Amino acid sequence: MMKNLVFLYIDENSAHAFEKVFSEKSCFEKCLEWAADVSSLCGIVVACFEENKNTVETFASSFDKAKIKVVSKNFWNTAILIEEMLAQVSCFSADDVVYSSADRPFLDRELTSELLESHRKYISEYTFADGYPYGFSPEIINSGTLKILSAFASETHKELGELPVSNECIFNVMKADINSFEIESVIAPKDFRMLRFDFSCSQKRNFVACQKLYTNALKNEIPLTAKSLSELAENCTEVHQTLPAFYNIQISENCLANPFYNPYPKAFKNKFGFFPFEKENPNPKDMTLEKFNFLVEQISSFSEDAVIGLSAWGEPLLNKNFSEFVEIVLRYKNLSVLVETDGILVTEQLASKIFEISERAGKRKNGAENVTWIVSIDSFSEDMYNKIFSNGNFNSAVNSILALNKFFPTSVYPQFTRMNENEDELEKFYRFWHSKNSPSVGKVIIQKYNDFCKLLPSRKPADLSPLERNVCWHLKRDMTILCTGDVPLCRQFLFSSIGNVFDEGVENIWKKYFDEIKNQLEKKYGEKCKDCDEYYTFNF
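Residues numbered from 1 in each chain as written. Predicted model: local features only at pLDDT ≥ 70, side-chain atom pairs only at ≥ 80, totals over all residues. Heavy atoms only, no water.

Under an unreviewed UniProt entry, the name given to the protein is Radical SAM domain protein, and the organism recorded is Treponema succinifaciens.

*Asks:* Please explain the overall build of the protein as it appears in this structure.
*Replies:* Regarding its fold elements, the protein presents 21 helices and 18 strands. Relative to its length of 540 residues, the protein is compact, with a C-alpha radius of gyration of 25 Å against a globular reference of 24 Å. If one aligns the C-alpha atoms of the protein with their principal axes, the spans along those axes are about 80 × 50 × 45 Å. Counting over 540 residues, the protein shows a buried share of 54%. (Helix = DSSP H or I, 4+ residues; strand = E, 2+ residues; numbered from the N terminus. Rg over C-alpha atoms; globule rule 2.2 N^0.38 Å. Buried < 20%, exposed > 50% of the residue type's maximum accessible area, 1.4 Å probe, protein only.)

*Asks:* Help me understand the domain arrangement of the protein in this model?
*Replies:* Interface extent is often summarised as the accessible area lost during association of the parts. Parsing the protein into structural domains produces domain 1 (4-235) and domain 2 (246-531). The straight-line distance from the C-alpha centre of domain 1 to that of domain 2 is 36 Å. Between domain 1 and domain 2, the residue contacts involve 10 residues of the former and 11 residues of the latter. Surface buried jointly by domain 1 and domain 2 totals about 850 Å² across both partners, of which 38% is contributed by carbon and sulfur atoms. (Domains from an automatic or database assignment. Contact = heavy atoms within 4.5 Å. Buried area = accessible area lost by both parts, 1.4 Å probe.)

*Asks:* Just to check I follow, could you spell out the environment of threonine 156 for this structure?
*Replies:* When you line up the elements, threonine 156 lands in helix H5 (residues 143-156). Classification of threonine 156 by relative accessible area gives exposed; the value is 54%. Note: C-alpha distance between threonine 156 and cysteine 255 (99 residues apart in sequence) is 49 Å.

*Asks:* I'm lost on the pattern of salt bridges in this one. Help?
*Replies:* A side chain with one charge can pair with a side chain of the opposite charge if their charged atoms come near. As enumerated under the stated definition, the model contains 26 salt bridges in all. Aspartate 533 is the salt-bridge partner of lysine 460, the closest N and O atoms lying 2.8 Å from each other. Remark: aspartate 533 occurs in the segment after helix H21 (514-521) and lysine 460 occurs in the loop between strand S15 (445-448) and helix H18 (473-477); sequence separation between them is 73 residues. On the basis of relative accessibility, which here comes to 29%, the residue lysine 460 falls in the partly exposed class. Given a relative accessible area of 11%, aspartate 533 falls into the buried group. A network of salt bridges, in which partner residues are shared, links Lys448, Lys460, Asp463, Asp533 and Glu534. (Salt bridge = Lys/Arg side-chain N within 4 Å of Asp/Glu carboxyl O.)

*Asks:* Would you take a moment to explain the sheet that holds strand S3 (residues 68-73) for this structure?
*Replies:* The strands making up a sheet associate through hydrogen bonds between their backbones, and the pairing can be parallel or antiparallel. Reading across from one edge, S3-S2-S1-S4-S6-S5-S7 is the order of the seven strands in this open sheet, with mixed pairing throughout. A strand with exactly one partner marks an edge of an open sheet, and here the two such strands are S3 and strand S7 (183-187). Averaged over all adjacent pairs, the angle separating strand axes in this sheet is 25°, with direction ignored. With six bridges joining them, strand S1 (residues 4-9) and strand S2 (residues 41-49) adopt parallel strand pairing. Paired with valine 6 across the strands is isoleucine 44, a residue of S2. Strands in contact with H5 are strand S4 (96-101) and strand S6 (139-142); relative to S6, the strand with the most contacts, it is inclined by about 85°. (Pairing = 2+ DSSP bridges. Axes fitted to C-alpha atoms, helices over the stretch in contact; angles between N-to-C directions.)

*Asks:* I keep staring at the packing of aromatic side chains and nothing clicks. Help me out?
*Replies:* Where two aromatic rings form a pair, the distance of their centres and the angle of their planes describe that pair. Counting across every chain of the model gives 42 aromatic pairs. The cationic tip of lysine 528 hangs over the ring face of phenylalanine 493; the distance from NZ or CZ to the ring centre is 5.9 Å. (Phe/Tyr/Trp six-rings, centres within 6.5 Å; stacked < 30°, edge-to-face > 60°. Lys NZ or Arg CZ within 6 Å of the ring centre and 35° of its normal.)

*Asks:* Help me out: how do you make sense of the nonpolar core in this one?
*Replies:* As a rule of thumb, soluble globular proteins bury nonpolar side chains together. Core analysis: the largest hydrophobic core is formed by 87 residues, its most contacted members being Tyr247, Ile249, Phe292, Ile308, Phe322 and Met479. For isoleucine 308, the contacting residues outside a window of four places in its chain are Tyr247, Ile249, Phe292, Ile299, Val329, Leu335, Ser336, Val337 and Leu338. Counting 52 residues, the second largest nonpolar core, distinct from the first, contains Ile10, Phe59, Leu115 and Leu213. (Core = buried A, V, L, I, M, F, W, Y, C linked by side-chain atoms within 4.5 Å.)

*Asks:* How should I be thinking about the packing of helix H8 (residues 204-219) against helix H9 (residues 226-234) in this particular structure?
*Replies:* Helix packing geometry: the angle between the two helix axes and the distance between the axes. With their axes 10 Å apart at the nearest point, H8 and H9 run at an angle of 105° to one another. As far as their axial angle goes, H9 and H8 are roughly perpendicular. Seen from H8, the contacting residues are Leu213, Asn216 and Ala217; seen from H9, they are Leu229, Leu232 and Ala233. In terms of residue class, the contact of H8 with H9 is built from five nonpolar, one polar and no charged. (Parallel < 35°, antiparallel > 145°, perpendicular 65-115°, else oblique. Nonpolar A, V, L, I, M, F, W, Y, C, P; charged D, E, K, R; others polar.)

*Asks:* Looking at this structure, how should I read the UniProt feature "domain: 4Fe4S-binding SPASM" (unreviewed entry) in the protein?
*Replies:* UniProt's entry tags residues 472-533 with the feature "domain: 4Fe4S-binding SPASM" (unreviewed entry), counted in the numbering of this structure. In the segment residues 472-533, helix accounts for 37% and strand for 18%; the C-alpha atoms at its two ends are 9 Å apart. (UniProt positions renumbered as here; feature names shortened; annotations may be inferred.)

*Asks:* Whenever I open this one, the sheet that holds strand S10 (residues 306-309) confuses me. Can you help?
*Replies:* Read across the open sheet, the seven strands follow the order S15-S14-S12-S11-S10-S8-S16; overall the sheet is parallel. The open sheet terminates on both sides in strands that have one partner only, identified here as S15 and strand S16 (478-481). Direction aside, the axes of adjacent strands within the sheet are offset by 25° on average. Pairing between S10 and strand S11 (residues 335-341): four bridges, direction parallel. Of the residues in S11, the one forming a bridge with alanine 306 is leucine 335. Of the strands in this sheet, S10, S11 and strand S12 (371-376) are in contact with helix H13 (residues 322-330), which crosses S11 at around 150°.

As structure tokens, this is what we get:
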């Protein structure tokens, strides 16, 4: 009889996996119960960190359905994970590994049996479920295949082995020579991947989604199977709206370079009677450090991990306390910074200062870059740049990439907003900046044009919208906050506010998004939303 080894991995940041919220059981306990029911089981191994070893061992020792072997290390990456799997396969004389992270409360026993049956029937080397959200199924890996993957990860494709453990890390190593492997898949009855659900308890927002899915399943007496839960999640507003992942905060009222596709200056003048430029607005009401600190503290408590943009509107580097804003965000190990700039005020001295702040702050627990920079260039030639921007400086924008990349070599992106006016320069721009020899060492962003719900003229050279409309990603994952603390429903609404975070708090403001998400699930759209084509674009 073929023997199966269940290998579970629990991340050091998966504290929510031990909270007893699933009918007085934790996610980790639910995983162990699933593991004990795997057919032809020869052992269960849990790979964890020294940091959470005591917690893992406490739960494992109280589990009476099977004996659990705990393996702990100070550090894990993909190569080390595969190497440890291979060692445990040898120790247990297993034929196949049934692998999953140990923070998934909905691992489906029937689907697991179907995967194992397919794996054996077709003499597969690797078998997985395709089309379901993350969290419902394991991966099945042949013991002989692990030897090949271990060599890939530690030798021939070392760069893949050095990557952090993730949902797809095993398959990513396999893709390096995918035609060499016999791979089988069990296909979901419907493709749910576009929903981007992750039913694990690794991050707070995923943990919240798991709780809401579980509660709704019990309430509606829906079986806890992959198919039934996927269908429930697809139509459940509570599961779609968890917690914001991206807070785009305006810290500066004024602008420098002004591209013609930016509606902010005109909207600002319509509201206040003057443009947001230094000559007309010499004393801008920028966000203060005190209010920003109060805001970021709330964000950290509410979302736990998130990207904090400093560029909702205006040029963030115009705020004289810009570096202190970055420092406040990076005090929180699960928060990272995004800066979108025209590049005019970027200097090597500024880049060096932000780099020093970043280095002192240490690496992010969620694996994100500490600081990511996006510089709007939008052209290959200076002539085209000057047609797009007023008050801009092409050379400063391009040189800012060099200055920033000296200190942030993996997180600086020149950006090209694709429009009819500059479409002829798109290929030249992409070829130049995508080259590893470019100032951005290959990093580049091609951004779609946004007409802000038909507020601006149509300039799209191509329609990229999907055939079937999905619920807006920005409503589900983003919050835009203006200098005053006012919060528009999304960036498309400019100054139209649904509340103020300084008066009501982040959590109470977030609750106001619920009805609009519910409406969109029912294919009901407000006046602005029905004219919007940003709903399918995704930030973080």
